[in-house]
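One-letter residues, chain by chain:
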Amino acid sequence: MLERVAVLSDIHGALPALEAVLAEPDVAAADLIVLTGDIAAGPQPVEVLDLLAALGERACWVGGNADRELVEARSGRSSPHDVSNWAAAQLRDDQVARLAALPLTVTRSVAGLGEVLFCHATPRDDEEMVLVDSRLERWAEVFAGLPAEVGTVVCGHTHMPFTRLVDRRLVVNPGSVGMPYGGAGAWWALLGPGVQLRRTGYDVAAACARVAAESTYPDAAEWADEYLRSRHSDADALAVFGPGDGR
């Protein structure tokens with residue numbers, strides 16, 4: 001039974017944001033750090049993966065759609081996202097192999113929460129949409145077949161933090177470390193015995209300058225300005241993602 005679990009999702013190759021979260025005392029003291037996907041698709045993929053690999057057994061990795069797309073791009077199937085195609089070309093073979101082996105879900109016992117399932121988008125798919133205001137019928141659909149003993153599901157993918165009940169089951173989205181929608185900062189969650197949604201503030205202007213200086217991605221400065229500064233609001237994201245939720 002884990003007492004404290006830090007959940008980091010959607011880092012998207014943003015090294016300064018990741019470093020800020022890993023420096024948090026509650027993250028450093030956590031029994032386990034769970035990475036819920038979309039880890040490296042961004043301007044600093046090699047550096048992010050190396051930093052996370054150095055955590056060793058303290059980190060538990062789950063795959064996301066962007067991680068899968070990096071592996072596919074490396075094998076010749078281009079991603080629709082330029083940054084992903086660029087990032088895939090930067091990775092070492094051992095990093096590609098690690099991403100290719102990531103599971104769709106992991107389940108761990110957490111104090112106060114019981115059996116917690118961690119996934120990227122939903123337990124059955126790494127890119128389908130569920131949102132804070134998804135109707136109960138939609139949640140029932142994506143949770144079909146989930147073991148009854150799983151009382152909490154932690155997902156990422158949509159880059160917006162929330163907690164809500166879904167027919168007696170708690171759903172948590174920690175938000176995004178590297179590409180937050182709705183407010184700058186690195187968003188994450190701390191589990192056990194309850195759920196805390198956290199935001200780590202850092203010097204975003206300095207981070208943008210650093211990404212622009214250190215990354216060889218041609219559009220690194222523009223990427224950092226758009227995503228580290230959180231130019232997209234949660235309302236914008238909900239409007240874009242809504243059709244994927246079937247509304």
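Computed from a predicted model, the values in this text were never measured in an experiment. (Residues numbered from 1 in each chain as written. Predicted model: local features only at pLDDT ≥ 70, side-chain atom pairs only at ≥ 80, totals over all residues. Heavy atoms only, no water.)

Colleague: Help me out: how do you make sense of the overall build of the protein chain in this one?
Modeller: On a plain count of helices and strands, the protein chain comes out with 10 helices and 10 strands. On C-alpha atoms alone, the protein chain measures out to a radius of gyration of 17 Å, which is about the 18 Å that the 2.2 N^0.38 rule sets for 247 residues. Expressed as lengths along the three principal axes of its C-alpha atoms, the size of the protein chain is roughly 45 × 40 × 35 Å. Sequence separation of 24 or more characterises 67% of the internal contacts of the protein chain that already satisfy a separation of 6 or more. Surface accessibility of the protein chain: about 10,100 Å² in total, with carbon and sulfur atoms responsible for 51%. Averaging the coordinates of the 20 positive side-chain charges in the protein chain and doing the same for the 35 negative ones gives two points 4 Å apart. (Helix = DSSP H or I, 4+ residues; strand = E, 2+ residues; numbered from the N terminus. Rg over C-alpha atoms; globule rule 2.2 N^0.38 Å. Contact = heavy atoms within 4.5 Å. Areas by Shrake-Rupley, 256 points an atom, 1.4 Å probe, with all protein chains shown as cover. Lys, Arg positive; Asp, Glu negative; His and termini not counted. Charge placed at Lys NZ, Arg CZ, Asp CG, Glu CD.)

Colleague: Whenever I open this one, the sheet that holds strand S8 (residues 169–173) confuses me. Can you help?
Modeller: Strands belonging to one sheet form pairs held by backbone hydrogen bonds; the direction of such a pair is parallel or antiparallel. Ordered in space as S4-S5-S6-S8-S7, the 5 strands form an open sheet in which the pairing is mixed. Bordering the open sheet on either side are strand S4 (105–110) and strand S7 (162–166), each of which pairs with just one other strand. The mean inter-strand angle of the sheet, taken between neighbouring strand axes irrespective of direction, is 25 degrees. Across 6 bridges, S4 lies against strand S5 (residues 114–119) in antiparallel orientation. Paired with Thr105 across the bridge in S5 is Cys119. (Pairing = 2+ DSSP bridges. Axes fitted to C-alpha atoms, helices over the stretch in contact; angles between N-to-C directions.)

Colleague: Teacher, can you tell me more about the pairing of strand S6 (residues 150–154) here?
Modeller: If a strand is regular, its side chains alternate between the two faces of the sheet. Counting buried positions along S6 gives 4 out of 5 residues, so the element sits mostly inside the fold. As paired strands, S5 and S6 are joined by 4 bridges and run parallel to one another. Looking at S6, one finds that Phe118 is bridged to Val154. Of the crossover connections in this fold, the one passing from S5 over helix H7 (residues 136–142) to the parallel S6 is right-handed. As paired elements, S6 and S8 share 3 bridges and run parallel to each other. Residue pairing across strands places Val153 opposite Val171, the latter belonging to S8. (Buried < 20%, exposed > 50% of the residue type's maximum accessible area, 1.4 Å probe, protein only. Right-handed = clockwise from strand over helix to strand, strands pointing away.)

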